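# Examination of the molecular architecture
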Amino acid sequence: MKITKMTIAAALMVAVAFTSCKPKDSEIKVNVETALKADMKMASTMVAVNDGVVTLSGECTDAECKAKCESTAAGVKGVKPPVVNNMTVAAPVVVEQAPASMTTELDASTQQKVKDGIKDIPGVTVEFSADKAVLSGEVTAANRMKIMQMLAAAKVQADVSKLMDKK
Amino acid sequence: MALQDKYAELLTTAQTHGVSNLSVAEKDGVLHVSGTAKSTADYDALWALYSKLDPNMASGDLMMNIDIKADAGAQLKVTTDSTNLNIRSTPSTEGEIVGKAAHDELVTLVEKTDDSWWKVRTAQGEEGYAYAQYLSPM
């Protein structure tokens, strides 16, 4: 019996139809991860997919986030319910008694550190009051971030109320 | 309690992103947060969150001193805007310049001397102190 081209074509079409209906586990995993990454709180969730069954693990900030991770995953095409949610909710961060000194004294070398830090950023000047570095000028958002990070690394308390956004 | 609530999202995100030695304390109306982030990406994410929770970070009620995990021997990228980074004989801008590393060049971490100055070695073998603000662990 001759197998006609039509029959082969039909068989191929059926095979393609079947494979395109059911996403592969690796595809599902990528799609679930992408959906979760939309929200930074859910972005570090770990996803495993086996035969369409999704297992979530990792830490979540709170119960609401854990539930949101689960519903987000369940909504992805090809996921077989129920989603196995093994995520743990992080215990609240304990705030301690403040240790003796957490900010650096504004001595000459610390003041120099701050001055060094803003040297390459145009339009910014610094003055030092008793316990704070007072910054003034106009800065871009990116430079504002740099200044804040530099001050934090130097453990210097600062007044940035005079730091304006560069138009 | 109010400060912990204001920055609750930041604190729990630090936890879930595995910031080690996370220490949080409130003193004189300022929340002090310190620890070591696993990567530059995590560090950037926490700073972006700070900026979101406190527009322009202008309130002055958070001191976030998170450094980025980098052990001796780690590769660091020079992140100056475009200029060279000076390598100096002592950890201050008064130190004599003993070498330079170009923007985007990789240097090796010898020691994190303090939060502002790190001792590094360039590919050319020059060793000295560079301003940590411009060094990014890979």
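Throughout what follows, the structure given in this document is the object of discussion.

Attention now moves to the sheet that holds strand S8 (residues 158-165) of chain A. Residues and elements named next belong to chain A. With mixed pairing, the three strands of this open sheet are ordered in space as S6-S7-S8. Two strands lie at the open edges of the sheet, namely strand S6 (124-128) and S8, each paired on one side alone. Across the sheet, the mean angle from the axis of one strand to that of its neighbour is 10 degrees, orientation sign disregarded. Alignment of strand S7 (residues 133-139) against S8, held across six bridges, turns out to be parallel. Bridge pairing in S8 places Gly137 opposite Leu163.

Residues and elements named next belong to chain A. Within helix H4 (residues 108-118), burial applies to Lys113, Val114, Gly117 and Ile118. The buried residues of H4 occupy an angular sector of 125 degrees when the element is viewed end-on, so they sit on one face. Buried residues belonging to H4 abut S6, S7 and helix H5 (141-153).

Counting 51 residues, the largest nonpolar core has Ile147 and Leu151 of chain A together with Leu46, Trp118, Val120, Ala130 and Leu135 of chain B as its most contacted members. Considering every element that reaches this core, the biggest residue donor is H5 of chain A, with six residues. When sequence neighbours within four positions are dropped, the list of residues in contact with Ile147 of chain A reads Ile118, Ile121, Val124, Leu135 and Val139 of chain A. Counting 15 residues, the second largest nonpolar core, distinct from the first, contains Ile28, Val49, Cys65 and Cys69 of chain A.

As for its position among the elements, Ala37 of chain B is in strand S2 (residues 30-37). Apart from residues lying up to four places away in sequence, Ala37 of chain B is in contact with Val19, Asp42, Tyr43, Leu46, Ile66, Ile68 and Lys69 of chain B.

Taken together, the contact pairs 33 residues of chain A with 31 residues of chain B. Of all the secondary structure elements, the ones that give two or more residues to the side of chain A that touches chain B are H4, H5 and S8 of chain A. For the side of chain A that touches chain B, the leading source of residues is H5 of chain A, giving eight residues. Classifying every residue of the side of chain A that touches chain B by side-chain character gives 15 nonpolar, nine polar and nine charged.

Residues and elements named next belong to chain B. Taken together, three strands build an open sheet; the order of strands is S1-S2-S3 and the sheet is mixed. Whereas interior strands pair on both sides, the edge strands pair on one side only; in this sheet they are strand S1 (20-27) and strand S3 (62-68). The mean inter-strand angle of the sheet, taken between neighbouring strand axes irrespective of direction, is 5 degrees. Two strands pair when backbone bridges link them, and S2 and S3 are joined in this way by seven bridges, in the parallel orientation. Within S3, the residue paired with Thr36 across the bridge is Asp67. The strands touched by helix H3 (residues 40-53) within the sheet are S2 and S3, with S3 carrying the most contacts at an inclination of about 170 degrees.

Compared with the 16 Å implied by 1.5 Å per residue over twelve residues, the 17 Å span of helix H3 (residues 63-74) of chain A between its first and last C-alpha is a close match. Buried residues along H3 of chain A sit in contact with helix H2 (25-37), strand S2 (53-57), strand S3 (59-60), strand S4 (80-85) and strand S5 (88-89) of chain A.

So, about the packing of helix H2 (residues 8-16) of chain B against H3 of chain B. All names here are of chain B. Running from N to C, H2 and H3 point in directions that differ by 170 degrees, and their axes come no closer than 9 Å. Accordingly, the angle class assigned to the pair H2 and H3 is roughly antiparallel. Contacts between H2 and H3 pair Glu9, Leu10, Thr13 and Ala14 from the former with Leu46, Leu49, Tyr50 and Leu53 from the latter. Its residues placed into classes, the contact of H2 with H3 shows six nonpolar, one polar and one charged.

Analysis parameters
- Residues numbered from 1 in each chain as written.
- Chains lettered and ligands numbered in written order.
- Predicted model: local features only at pLDDT ≥ 70, side-chain atom pairs only at ≥ 80, totals over all residues.
- Pairing = 2+ DSSP bridges.
- Helix = DSSP H or I, 4+ residues; strand = E, 2+ residues; numbered from the N terminus.
- Axes fitted to C-alpha atoms, helices over the stretch in contact; angles between N-to-C directions.
- Buried ≥ 20, exposed ≤ 12 C-beta atoms within 10 Å, placed from the backbone.
- Arc of directions from axis to C-beta.
- Contact = placed C-beta atoms within 7 Å.
- Core = buried A, V, L, I, M, F, W, Y, C linked by C-beta atoms within 7 Å.
- Nonpolar A, V, L, I, M, F, W, Y, C, P; charged D, E, K, R; others polar.
- Expected span 1.5 Å × (residues − 1).
- Parallel < 35°, antiparallel > 145°, perpendicular 65-115°, else oblique.

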